[in-house]
Amino acid sequence: MEWTQEQRYRSYQDWPADYLEHLKNTIQASNWRLNYHIQPVTGLVNDPNGFSFFNGEWHLFYQAFPFGAVHGLKSWYHVSSSDLIHWEEKGLALAPDSVYDAQGVYSGSGLPVGEKLFLAYTGNVRDQAWERHSYQLGAWMDTDGVIEKIEEPLIKQMPEGITAHFRDPQIIRYKETYLMIIGAQTTGEKGTILVYESYDLKKWRNLGTLAISQDLGFMVECPNLLFIEDKILLLLCPQGLNQKTLPYQNVYPNTYILADAYKKETNSLENPAPQQLLDEGFDLYATQAFTAPDGRCLSIGWIGLPEMSYPTFEDGWAHCLSLVKELKIIDGQLLQYPVAETKELRRSYEQLIVESNEAVTKETTNCYELEMVIPKNTQGVVQLFADEKGEQSLSLTYDTTVGKVRLDRRKTDEPLNPAFGETRETVLEENSPLHLRLFVDHSTCELFFNHGLKTMTAAYYPTPQQLNLFVRGNRKFQLDYYLLEK
Ligand code: FRU
């Protein structure tokens, strides 16, 4: 069904009262609903927002359009958890119901301040001529989960030289002040990041654009500045990044820049390393991270991409969020690995042996974890979501002699955005064993190479017959298979 602009931006109260119930029932029939990933109750999920720890619990919000699988009038939906694995539905948290966010409560962040959780987000407004206006807004959530919007914008006006593409505020504490990091576009159509400073979360002073001296495409979305160990990690989504700067195939990349320090005096990053891809798979975007009170730096991303089409659109829902990952810097390199709590999903264990040149075959529920160490000088393939003959599958070919892996999603009844490439490759250490841990959940797969030194995320939509796992190699090794269930 084609959605008109009128339908996408219809106000929430104008939908029939039983519409969501009806949609929820339809969605139950979808073959691709997930088990242990956060997915929308109905409609579409995109960016994670307000990821935080407050009042003894983990809190997470996400961009939601509940009425269908399209990018319509966005709100924040709220889930909370005691273990980062089991998430309780808390419902709609921030609705697009004020003059400053009438056409969308856009992305932002959460920070505990005193007895409350401070939420910062962008209000998206379209005027009569459908011209965009962006406001940086605030709200407070109390310990009963009651949210009150702050009436007046924290930042009402974009600064000189910046277009209305000015959004996704991240609030962090910095020494005796707070900083707000905002993604933006210059009037010369270059991506940029702005930093504001405040002592009281009320008055915000513009510190200007963050000096990085790197290509940031035509617009930066969802920037996150993190103080991690003794380094600075900047996460960002530079739309339209030049493919010569960084070879990527997704419509827009999710990238990171590691630096030695942030200097507020010059609003700059010290010794920024060249931008890198955060994920080398197909469908990860808008990753958000924060430093938890237990000292861990935790991240979560959107498994989906803007402007792309996915088969669940027909089923009335779309996308999910990634596993929660812990970010670490080891020997100057970023590692992203599922949090230790992820092991709580394991229900049963089976050890499988891959004999040299003999495929291991297993019928699965498409809801499992695999861990293996592939010996050096080995070539082979791991086929996930495979049909009985192995003709259809999401397949990972590996060669530990040259240290290359390649993820291939061509063999499917549901091709996903083939114009953006149907294979992804990454390079790991040559002549070395390869540690691989992967998570399959009905229509998504997350792969972690060498303990998170490289990651690949992929959506994949199998037929009901594609339930097998095949693993082959020309050397013997062991597979640890865990059935997972929330
Ligand atoms: C990124 C993004 C953000 C925006 C939000 C709207 O996916 O475009 O920049 O705030 O999604 O849903």
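Residues numbered from 1 in each chain as written. Predicted model: local features only at pLDDT ≥ 70, side-chain atom pairs only at ≥ 80, totals over all residues. Heavy atoms only, no water.

The name given to the chain in an unreviewed UniProt entry is Sucrose-6-phosphate hydrolase, with the source organism recorded as Enterococcus devriesei. Word for word, the UniProt comment on the chain under Pathway (unreviewed entry) is "Glycan biosynthesis; sucrose metabolism." Turning to the chain, the UniProt record has this under Function (unreviewed entry): "Enables the bacterium to metabolize sucrose as a sole carbon source." (UniProt positions renumbered as here; feature names shortened; annotations may be inferred.)

Trainee: Any details on unusual backbone geometry? Residues and values, ideally.
Mentor: Leaving glycine out, the prevailing phi sign among residues is negative, and the prevailing peptide bond configuration is trans. Positive phi, close to 50°, is recorded for K175, a residue that is not glycine. Following the sequence through the fold, K175 ends up in the loop between β9 (162–174) and β10 (177–186). You will see that E189, though not glycine, has its phi angle at about 60°, which is positive. Assignment of secondary structure puts E189 in the loop between β10 and β11 (191–198). (Helix = DSSP H or I, 4+ residues; strand = E, 2+ residues; numbered from the N terminus.)

Trainee: Pulling in residues and values, what's your account of the domain arrangement of the chain?
Mentor: In terms of domains, the chain is made up of domain 1 (5–338) and domain 2 (341–484). A C-alpha centroid distance of 30 Å is found between domain 1 and domain 2. Among the residues domain 1 hides against domain 2, the three largest losses belong to Y36, E280 and F282. Together they make up 22% of the total. The interface formed by domain 1 and domain 2 contains three salt bridges. (Domains from an automatic or database assignment. Buried area = accessible area lost by both parts, 1.4 Å probe. Salt bridge = Lys/Arg side-chain N within 4 Å of Asp/Glu carboxyl O.)

Trainee: I'd like to hear about empty space enclosed by the protein, residue by residue, with values.
Mentor: Counted according to the given criterion, the structure contains five cavities of 30 Å³ or more. The space that makes up the largest cavity amounts to roughly 90 Å³. Together, 13 residues line the largest cavity, and Y36, L84, W87, L323 and V324 are the ones closest to its centre. Here the lining of the largest cavity is composed, by residue class, of ten nonpolar, three polar and no charged. (1 Å grid on protein atoms, 1.4 Å probe; cavity = no way out; pocket = protein on both sides within 12 Å on 5 of 7 lines; lining within 4 Å. Points joined across faces, edges and corners; volume = space filled by probe spheres on them. Nonpolar A, V, L, I, M, F, W, Y, C, P; charged D, E, K, R; others polar.)

Trainee: I'd like to hear about the sheet that holds strand β12 (residues 205–209), residue by residue, with values.
Mentor: Strand order in the open sheet formed by four strands is β9-β10-β11-β12, with antiparallel pairing between adjacent strands. Lying at the two open borders of the sheet, with one neighbouring strand each, are β9 and β12. On average, each strand axis in the sheet is tilted by 25° relative to the strand beside it, whichever way the strands run. Alignment of β10 against β11, held across eight bridges, turns out to be antiparallel. (Pairing = 2+ DSSP bridges. Axes fitted to C-alpha atoms, helices over the stretch in contact; angles between N-to-C directions.)

Trainee: Describe the UniProt feature "domain: Glycosyl hydrolase family 32 N-terminal" (unreviewed entry) in the chain, with residues and values.
Mentor: Following the UniProt record, one finds the feature "domain: Glycosyl hydrolase family 32 N-terminal" (unreviewed entry) at residues 37–338. As annotated, residues 37–338 comprises 0% helix and 56% strand, and the C-alpha atoms at either end are separated by 12 Å.

Trainee: For the sheet that holds strand β18 (residues 276–277), give the residues involved together with the corresponding values.
Mentor: Strands sit in the order β13-β14-β15-β18 across an open sheet of four strands; the sheet is antiparallel. Each edge of the open sheet is held by one strand with a lone partner, namely β13 (219–228) and β18. The pairing of strand β15 (residues 255–259) with β18 spans two bridges and is classified as antiparallel. Note on β18: the bridge partner recorded for T255 is L277.

Trainee: Residue-level account of the UniProt feature "domain: Glycosyl hydrolase family 32 C-terminal" (unreviewed entry) in the chain, with values.
Mentor: Here the UniProt-annotated "domain: Glycosyl hydrolase family 32 C-terminal" (unreviewed entry) positions come out as residues 343–474. Across residues 343–474, helical content stands at 0% and strand content at 57%; the span's end C-alpha atoms are separated by 30 Å.

Trainee: Could you give an account of the packing of aromatic side chains, with specific residues and numbers?
Mentor: Here the structure, examined in full by the defined rule, presents 30 aromatic pairs. Between Y398 and F477 the ring centres are 6.5 Å apart and the planes differ by 80°, which places this aromatic pair in the edge-to-face class. Taken together, the positions of Y398 in strand β29 (residues 393–399) and F477 in strand β36 (residues 477–484) put the pair 79 residues apart, joining distant regions of the chain. Among the residues examined, Y398 registers a relative accessible area of 3% and is labelled buried. A connected cluster of aromatic rings, assembled from ring pairs, spans W3, Y12, W15, Y19, F65 and F67. Just above the ring of W15 sits the side chain of R10; from NZ or CZ to the centre is 4.8 Å. Looking at R409, its charged tip hangs above the ring of F282, at a distance of 3.9 Å from the centre. (Phe/Tyr/Trp six-rings, centres within 6.5 Å; stacked < 30°, edge-to-face > 60°. Buried < 20%, exposed > 50% of the residue type's maximum accessible area, 1.4 Å probe, protein only. Lys NZ or Arg CZ within 6 Å of the ring centre and 35° of its normal.)

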